[in-house]
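Architecture and fold: a report
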Amino acid sequence: MSKNRSSKRNCPIFCGLYGKDLSPQARYRCMCNSLFIVMLAITLIPLSITSGLNFFQYQQLVREDSRANARWNAESARATINAYLEKLEAAITVVIDTYSFEDLSDPKKLEQLFRQLKKEHQGLVDLSVVGADGIQTAYVGPYRLVGKDYSDSLWFHKALSRRIYVSEVFTGFRNVPHFVVAASKKDPSSDRYWVIRASIDTETLDRFLALADTEALEDIFLINDSGILQSGSRYHGDAMESFQLTRKPKQSDVLIFEEMRGSSSFYRAVSRIPNTPWLLVLDQQGAEARKIWHIFKGRLQLTLGLCFLASGGMVFWLSRFLAGKFREADETRDSILSETEHSNKLASIGRLAAGVAHEINNPLAIIAEKAGLMQDLVGLEQDFRHREKFLDQLASLQNAVVRARTITHRLLGFARRMETSLTLVQLNAIITEVLSFLEKDAAYRNIHIILQLQENLPVIRADHGQLQQVFLNVINNAIDAIRGDGEIHITSRRENQKTVMVAISDTGPGIAPDVLKHIFDPFFTTKGNEEKKGTGLGLSITYGIVQKMGGKIEVSSEIGVGTTFIITFPVYKEGSEEESNDSA
Amino acid sequence: MTAHRILIVDDELDFGTTLAERLELRGYAAKAVSGAQEAMGALADNWRPDVVLLDLMMPGVDGLATLDLIKQHDPKIQVIILTGHGSTESGILGMQRGLFDYIMKPVDIGELIARINEAGAQ
């Protein structure tokens, strides 16, 4: 358990809570860090989760779109090739239906037809007629193929067995990859089938396939069921080369294969082209390779980055703000505790002082009366030998009693703090009254009192006599501090809507910091070695009175410059509290 | 002016007798007793004082209770509290019960006589 607690102390999150042995500054810094980390986690974790979910959802959508796009591109390419072939098949069918074997065996007629067909059907290389025995009887085209025997050719036999036929790509006698579209017809005179054949080069297929080229397209080509390329491929070679396909679709289905290549997806669409021996293969990149995906990722990263920065900034500010507020609250609490402690201390010392005063007053009274009686008796005896000396000694005794009485009465005054009678008081009037007592003393010591009293100062609620005592004490102290030749500045003004203040500054020698911090403590005096000895109660009483009236007294001092007392009182607000019964 | 009769009630008998002696030297008839019982005894002996100087904190019956007894006996007797245990509350309580004045010990004899004369003139 203790080990656990120790580890928490070292942890940057918990040190603000458990680090009681840390300095206050370090503790608040830790608290600030803790708040920052926790709030940042609370802010960023949901943001990251949401962004991650959105990212994967969008990726899924884009992959679906890629899959659909691959299917659509494959179907589109298939339709293009299919349309071309259907048109050519229709043309060949029309020719064979229109003309007889004899008509087409005429080279001129065949050439005329070839030219017409070539205009409408790009890629057409040649046109020829093959008799029932497999011998090519007529030929129009760039090669010398008249008389060639096709009786052993697969395409020839397949053409005889069906009305129209599209062959695989082969090199044949010309030794160039091509395919044929062939149609057969029965010759009525010989009752045997003959064939008309149109050859198309594979570049034509390449051109049609190239129409399907898109941004994401990697490769598109045709193969046959034996795995021989029927057109050129970007990555797998030219026509007639081998290519392995793992799965093949049945009939007109489009099969879609998906595979991951690194961090990117890749799609392959495979489809049969109807009425041909060909399979269309289309390879396409996934969404990750596409520009739109990069734009989305860039925007997402930018948005996330900005959110992180904004959240981090706000959380940083908020954690500092909250830690500052905690600190202020703690300082206020400490200050209140300190003031309460000070008040309690004063009250305890006050009670003690009262007890001491009471106990001293009675023996003091006995001494006074005994000395008085002796004075009376010696005074009556004119012939008493040491009469004058006795009377002098007794007078000194009485003076000592008076001094002691003054102290005990002040002690009692301190203890009682004098009962208050609250009235509405004008601070400027009180200051003027007090100065009327002290002006002569100040003038005698060549001390100038400079007044800066704000007119129409709001009234405060206080005890008139006690307030007089407050200013009497402070101004008297200022006069004592200056001793001779100096200035006392007395300023009164409204500090804000709630308070009025009086500042009393002297040009005395100033108070050392170690003395200043005890200045309101009871029995603390700096006048011990001087002619006019202090009791050390004046400023304590002043402090108590000001505090009792809801005010505040503060002191600042600089050695060689002087001392300033600032006394603040709350402004009286009508209806804020009930008037005292004995108010004037 | 007729010298007043003064009764001093104080548990510090040394104080009381010395003060009584000083008052007598000034022409007053003064008697010192140490508590409420003796004070009431003195009143019962037909020695009626004009002014009573009364201590506040006394063992047994305290000053305020003694004040009540004196006032019950003769409301015209003026009572001055002379005490080392001064408090405004006890002063106010005393005033409410017919107290003439309230003086803190130690007191100057001249000031005390002035108060006694004031009280005696009532």
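Bear in mind the structure is a predicted one, so any value in this text is a computation, not a measurement.

Our focus in this paragraph is the overall build of chain A. Within chain A one finds 13 helices and 16 strands. Burial analysis of chain A (584 residues in total) assigns 31% to the buried set. Put simply, of all contacts in chain A between residues at least 6 apart along the chain, 62% involve residues at least 24 apart.

At the interface, 17 residues of chain B touch 18 residues of chain A. Its residues assigned to classes, the side of chain B that touches chain A shows 6 nonpolar, 6 polar and 5 charged.

Residue and element names in this part refer to chain A. The pLDDT averaged across chain A works out to 84; a share of 88% of its residues lies at or above 70. Note that pLDDT drops below 50 for residues 1-6; the model gives that stretch 1 contact with residues more than four away or on any other chain. Scored below 50 in pLDDT, residues 528-533 makes 4 contacts in the model with residues more than four places away or belonging to other chains.

So, about the sheet that holds strand S9 (residues 278-285) of chain A. All names here are of chain A. Spatial ordering of the open sheet is given by S6-S9-S8-S7, a layout of 4 strands whose pairing is antiparallel. Each edge of the sheet is formed by a strand with only one pairing partner; in this case those strands are strand S6 (217-224) and strand S7 (254-261). Sheet twist, expressed as the mean angle between neighbouring strand axes with direction ignored, is 15°. Pairing between strand S8 (residues 264-272) and S9: 7 bridges, direction antiparallel. Bridge pairing in S9 links Ala269 to Leu282. Across the sheet, helix H3 (residues 24-98) touches S6, S7, S8 and S9, and the angle it forms with S8 is around 30°.

All names here are of chain A. Pairing analysis gives 8 bridges linking strand S14 (residues 499-506) to strand S16 (residues 562-570), with the strands arranged antiparallel. Each bridged residue has a counterpart across the sheet, and for Val502 the counterpart in S16 is Ile567. Of the pairings in the sheet, the one linking strand S15 (residues 552-558) to S16 comprises 7 bridges and is antiparallel in character. Each bridged residue has a counterpart across the sheet, and for Ser556 the counterpart in S16 is Thr564.

Attention now moves to the sheet that holds strand S5 (residues 101-104) of chain B. Residues and elements named next belong to chain B. Here 5 strands make up an open sheet; going across it, the order is S2-S1-S3-S4-S5 and the pairing parallel. Edge positions in the sheet fall to strand S2 (29-33) and S5, since each of these pairs with one other strand and no more. For this sheet, the mean angle separating the axes of adjacent strands, direction not counted, is 20°. As defined by bridge partners, strand S3 (residues 51-54) adjoins strand S4 (residues 78-83) across 4 bridges and the pair is classed as parallel. Among the inter-strand pairings, Leu53 is bridged to a residue of S4, identified as Ile80. Together, strand S1 (5-9) and S2 form the strand contacts of helix H2 (residues 36-44), whose direction differs from that of S2 by roughly 140°.

Here we take up the nonpolar core. Buried together is how nonpolar side chains tend to be arranged in soluble globular proteins. Ranked by size, the top nonpolar core spans 57 residues in total, and within it Val181(A), Ala182(A), Ile196(A) and Leu280(A) carry the most contacts. For this core, the element with the most residues is H3(A), which contributes 9 residues. Aside from chain neighbours lying at most four places away, what touches Ile196(A) is Ile92(A), Val95(A), Ile96(A), Leu104(A), Val129(A), Ala182(A) and Ala183(A). Of all hydrophobic cores here, the second largest spans 39 residues; its members include Ile6(B), Leu23(B), Leu53(B) and Ile116(B).

Residues and elements named next belong to chain A. Contact geometry for helix H11 (residues 464-482) and helix H13 (residues 538-548): axes closest at 9 Å, N-to-C directions at 140°. As the angle between them shows, H11 and H13 are arranged oblique. For the element pair H11 and H13, the recorded crossing hand is left-handed. Contact residues: Gln466, Gln469, Val470, Asn473, Val474 and Asn477 in H11; Gly538, Leu539, Ile541, Thr542, Ile545 and Val546 in H13. Taken together, the residues of the contact of H11 with H13 sort by class into 6 nonpolar, 6 polar and no charged.

This brings us to the environment of His157(A). Residues and elements named next belong to chain A. Relative to the assigned elements, His157 resides in helix H6 (residues 154-161). Judged by local crowding, His157 falls into the partly exposed class, with 14 C-beta atoms found within 10 Å. When the C-alpha positions of His157 and Gly134 are compared, they lie 8.9 Å apart, and in sequence the two are 23 residues distant.

Another aspect to go through is unusual backbone geometry. Following Lys105(B), the chain continues to Pro106(B) via a peptide bond in cis, the omega torsion being -15°. Relative to the helices and strands, Pro106(B) resides in the loop between S5 and helix H5 (109-121). The phi angle at Asn275(A) is positive, at roughly 65°, despite the residue not being glycine. Its place among the elements puts Asn275(A) in the loop between S8 and S9. Owing to 14 C-beta atoms within 10 Å, Asn275(A) belongs among the partly exposed residues under this scheme. Even without being glycine, Asn446(A) reaches a positive phi, approximately 60°. Here Asn446(A) lies in the loop between helix H10 (427-444) and strand S11 (447-453). Overall, Asn446(A) belongs to the exposed group, with 11 C-beta atoms counted inside 10 Å.

Parameters at a glance
Residues numbered from 1 in each chain as written. Chains lettered and ligands numbered in written order. Predicted model: local features only at pLDDT ≥ 70, side-chain atom pairs only at ≥ 80, totals over all residues. Helix = DSSP H or I, 4+ residues; strand = E, 2+ residues; numbered from the N terminus. Buried ≥ 20, exposed ≤ 12 C-beta atoms within 10 Å, placed from the backbone. Contact = placed C-beta atoms within 7 Å. Nonpolar A, V, L, I, M, F, W, Y, C, P; charged D, E, K, R; others polar. pLDDT = per-residue confidence, 0-100. Pairing = 2+ DSSP bridges. Axes fitted to C-alpha atoms, helices over the stretch in contact; angles between N-to-C directions. Core = buried A, V, L, I, M, F, W, Y, C linked by C-beta atoms within 7 Å. Parallel < 35°, antiparallel > 145°, perpendicular 65-115°, else oblique. Left-handed = near helix turned anticlockwise from the far one by under 90°.

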